[in-house]
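So the chains spell out like this:
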Amino acid sequence: MKAMILAAGLGKRMRPLTDHCPKPLLPVAGKPLIVHHLERLKRAGITEVVINVSYRSEQIMAALGDGSAYQLRIHWSHETTPLETGGGIQKALPLLGDAPFMLINGDVWCDYLPTDTALKKDDLAHLVLVNNPDHHRTGDFALDHGRVTSHGLPRLTFAGISLLHPALLVNEPPGAFALAPLLKQAMADNRVSGEHFAGHWVDVGTPERLTALEHHLMQLRER
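Residues numbered from 1 in each chain as written. Predicted model: local features only at pLDDT ≥ 70, side-chain atom pairs only at ≥ 80, totals over all residues. Heavy atoms only, no water.

Moving on to the overall build of the protein. Counting secondary structure elements, the protein contains five helices and 13 strands. The globule rule puts the C-alpha radius of gyration for 223 residues at 17 Å, and the 17 Å found for the protein is close to it. A principal-axis box enclosing the C-alpha atoms of the protein has dimensions of 45 × 40 × 30 Å. Counting only residues that meet the buried cut, the protein has 50% of its 223 residues in that class. Residue pairs in contact within the protein that sit at least 24 positions apart in sequence constitute 74% of those at least 6 positions apart. Accessible area for the protein stands at about 10,800 Å²; split by element, carbon and sulfur atoms hold 53% of it. Computed over 22 positive and 23 negative side-chain charges, the separation of the two mean positions in the protein equals 1 Å. (Helix = DSSP H or I, 4+ residues; strand = E, 2+ residues; numbered from the N terminus. Rg over C-alpha atoms; globule rule 2.2 N^0.38 Å. Buried < 20%, exposed > 50% of the residue type's maximum accessible area, 1.4 Å probe, protein only. Contact = heavy atoms within 4.5 Å. Areas by Shrake-Rupley, 256 points an atom, 1.4 Å probe, with all protein chains shown as cover. Lys, Arg positive; Asp, Glu negative; His and termini not counted. Charge placed at Lys NZ, Arg CZ, Asp CG, Glu CD.)

Following this line, the structure appears as structure tokens:
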């Protein structure tokens, strides 16, 4: 299985930290945030990773290169202007191939990845859901006996970690578009499974959350 890391965002909420450094390269616990993802993917047995880039793409590509430093092979999908989540994934499909792949938002931190067997036959997506953080208390979706729905209780938050089948996006017209509407339609068709991860997860969307994650990881090191 291949993986894709979404790293094309502008990082506006992280300013001024991202005025001169793209968000994926912001350091946390001694290494860039995106390197935590690469190392975790390698430990999970994944060897090929597609990364989409746009804002300060040259810095990210220069820092990570071909991935050999992490015992991975990195393929780059460059976007002249950000294509949103859906459009960015669709543009990268020729690099990802026809098989299901793992998708990770570059601006989250989580010490968990789903197994490649989690996406069942005929499903288009498998989502990792987490407890609602303070900044998103209403959640995104509900989980009902392993199936993800747009409605229902209790609500959980999408972790930004999933397994996707290319068929979810392959027929969409090229350009910028969001992923969420496609997922919701697949949920309505009962083609999205999910799981609840109750461990540590962070949406690293603000300087304050980045600092909190830094403290958390450094405390773990000291134990």
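Picking up where we left off.
Let us look at the pattern of salt bridges. For the coordinates displayed, the defined rule picks out six salt bridges. Note that Asp107 and Lys23 form a salt bridge whose closest N and O atoms lie 3.0 Å from each other. Placement of the pair is Asp107 in the loop between β6 (101–105) and β7 (108–110) and Lys23 in the loop between β1 (3–7) and β2 (27–28), with a sequence separation of 84 residues. The two residues Asp107 and Lys23 agree in class, both being buried. The residue Asp134 makes a salt bridge to Arg137 at a minimum N-O spacing of 3.8 Å. Here the two residues Asp134 and Arg137 agree in accessibility, since each one is exposed. (Salt bridge = Lys/Arg side-chain N within 4 Å of Asp/Glu carboxyl O.)

To continue, consider helix α4 (residues 180–188). Turning to α4, its buried residues number three or more, namely Leu182, Leu183, Ala186 and Met187. Buried positions in α4, seen along its axis, are confined to an arc of 140 degrees and lie on one side of it. Turning to α4, the residues buried within the fold contact β8 (125–130), β9 (141–144), β10 (147–149), β11 (155–164) and β12 (192–197). Of the residues trailing α4, Asn190 is marked for its positive phi of about 60 degrees. (Arc of directions from axis to C-beta.)

We now examine helix α3 (residues 84–96). Taking 1.5 Å of rise per residue, the 13 residues of α3 would be expected to cover 18 Å, and the 17 Å separating its terminal C-alpha atoms lies within 8% of that figure. At Gln90, α3 shows its largest bend, some 30 degrees, and a proline, Pro94, comes one to four positions later. The complete set of buried residues in α3 reads Gly86, Gly87, Gly88, Ile89, Gln90, Ala92, Leu93 and Leu96. Residues of α3 that are buried make contact with β1, β4 (48–53), β5 (73–78), β6 and β11. Gly97 sits one or two residues past α3 and shows a positive phi near 90 degrees. (Expected span 1.5 Å × (residues − 1). Bend = angle between axes of the 7 residues up to and from the residue.)

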